[in-house]
Each structure stands twice: as C-alpha cells, then as structure tokens.
Amino acid sequence: MVLVHGLGSDHTVWGGLTPLLEENFRVLAVDLRGHGRSSKTPEQYSIELFSNDINQLLESLNIKQAHFIGHSMGGAILQQLALKRPDKIRSLILISSFSCVDFHLDSIFRELLKTLNDEGYNAFFDHCLKLANTPEFIAKNREFFREVRDLMGKTSSIPALKESIKACQQVNFIGSLKNVNSPTLIIAGREDVFTPLYHANKIKNAIPNSKMEVMEGVGHNLLVENPRTLMI
C-alpha cells in the first residue's frame, strides 16, 4: 500500500492510518519531491514529475504493482500515474482530491501563493489549517497544530511549496479519466471547503465503475480528523 500525501504535507500525515493498514499490508508512505525529507530540487515542478518520481521509487524497490491511497494533490498525482502507468495500479483510493482546477480552487491556490510571498511559512500553514480542518477539530487540537507547524517549518522549502502549488494549478484530467480501469474508491468529507464535494463527484462520474463514499462531520483533512472511519 503506497500512501501519497498532499500539498505542503509529508509522510507523517498518515500517522493515524498507517498502524491500521499495517495489519494487512506492507505500507510505504512517501515524501514527495520538495516535501518532508525529500530533496528540495530547484526546478519547475509538475504533477507528471511527481508521478514519475513515484514510478521510479517503485522500480527501485522492485515493486511491480501496488494499492495506492492519495490525499488531495497526492490523489491528482495518482490519477496521472493511473493514466501513464496503469500496470502499476492494483487499486486506487482518492481522498479529498480533484481532477481539474475551477475558479474556486484556483482562487485558493493564488491566495496560498500570495501568503507564501507576503507572509512566509507560518502564515501559509495557518491558512492551510483553516482550509483543511473543521473549526471544531482545530479548536480541540491547537497545541498539536502549533507543534506540527514548528516542526514542518524547519524542513519546508518556500520555493518548493510555490512550485507545488503551480503544479496543482495545471491539473486537468477530466477528459482522460474514462481511460482509468483500476478499481477506484473516491472519499470526500462533507465539510470540505478546500475541494468541495462536487470535485469528488466529478472524479466519480469520469472514472468508469468507480465508487464514492462521503464522510460526515469532517473536512478536507479527514484522514487526520477520523482515520478509523476510513477502515470501516
């Protein structure tokens, strides 16, 4: 089971889910290029570049095929992988993801770029926090999120984050997803304000024979808010 995180995150976002998955799978949680402990290469990023990185990692580990879970940008990367290397995909789970960028999502990405430019990493993190989590969850975990922000601020690269946002702005798979034949489950949080529910519906309608589940009471970052529900 290969886990691919979203924009501005890293492998630690799967901390609540990994122990549950390890009961039945060998789990590989990656740090994407420009994130976590991976190299912050000074170049133009793209979803295709991220997808190629995942494929090269699989090749280096001699993994012929795997199950994949992708969150947000990670889900977009897996859509790209499924289109380019369908032989690698045993199944897909796409959480809080998107297949194209509309005005609403592009406005968010533009605001995140502006925040990075004008105010720096901490303000960017705080902005993402409000987009990705319900207000109730934030209120209950303020100290936890402060610690996460301090830790990630030490390893995050603002240029790499900017390139990752620009890569997200170019996503448009909606016309190609009819070619995805892998078993696919789309999961969305009812309270998601980052990628609202209609983004999940678009993916569901585009991928043949895919299934969709909506989780109540959680937002974009549902894998952190309620990881156990994902296993039901």
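Being a predicted model, the structure only gives us computed values, none of them experimental. (Residues numbered from 1 in each chain as written. Predicted model: local features only at pLDDT ≥ 70, side-chain atom pairs only at ≥ 80, totals over all residues. Heavy atoms only, no water.)

(A) A look at the layout of surface pockets. In this structure, the largest pocket occupies an estimated 630 Å³ of space. S9, V13, F125, M152 and N221 are the residues nearest the centre of the largest pocket, which is lined by 30 residues in total. Of all the secondary-structure elements, those providing two or more residues to the lining of the largest pocket are α5 (121-132), α7 (142-155) and α10 (222-225). Its residues placed into classes, the lining of the largest pocket shows 17 nonpolar, 11 polar and two charged. (1 Å grid on protein atoms, 1.4 Å probe; cavity = no way out; pocket = protein on both sides within 12 Å on 5 of 7 lines; lining within 4 Å. Points joined across faces, edges and corners; volume = space filled by probe spheres on them. Helix = DSSP H or I, 4+ residues; strand = E, 2+ residues; numbered from the N terminus. Nonpolar A, V, L, I, M, F, W, Y, C, P; charged D, E, K, R; others polar.)

(B) Representation of α7. Along its 14 residues, α7 runs 21 Å from first to last C-alpha, staying within 8% of the 20 Å computed at 1.5 Å per residue. Where α7 is buried, its residues meet α5 and α6 (135-140). (Expected span 1.5 Å × (residues − 1). Contact = heavy atoms within 4.5 Å.)

(C) Expanded view of helix α3 (residues 73-84). For α3, spanning 12 residues, the distance from its first C-alpha to its last is 17 Å, which sits close to the expected 16 Å at 1.5 Å a residue. Of all 12 residues making up α3, 10 are buried, and the element is well covered by its neighbours. All of the buried residues in α3 are M73, G74, G75, A76, I77, L78, Q79, Q80, L81 and A82. Among the structural elements, β1 (2-4), α2 (47-60), β3 (66-71), β4 (89-95), α8 (158-169) and α9 (197-206) are those in contact with the buried residues of α3. (Buried < 20%, exposed > 50% of the residue type's maximum accessible area, 1.4 Å probe, protein only.)

(D) Inspection of the packing of aromatic side chains at higher detail. Scanning all chains against the criterion turns up seven aromatic pairs. Ring centres of Y121 and F125 lie 6.3 Å apart, and the angle between their planes is 45°; this geometry places the pair in the tilted category. In this pair, Y121 and F125 both sit in helix α5, four residues apart, roughly one turn of the helix. Residue classification places Y121 among the buried residues on the basis of a relative accessible area of 10%. Linked through ring pairs, F98, F109 and F194 together constitute an aromatic cluster. (Phe/Tyr/Trp six-rings, centres within 6.5 Å; stacked < 30°, edge-to-face > 60°.)

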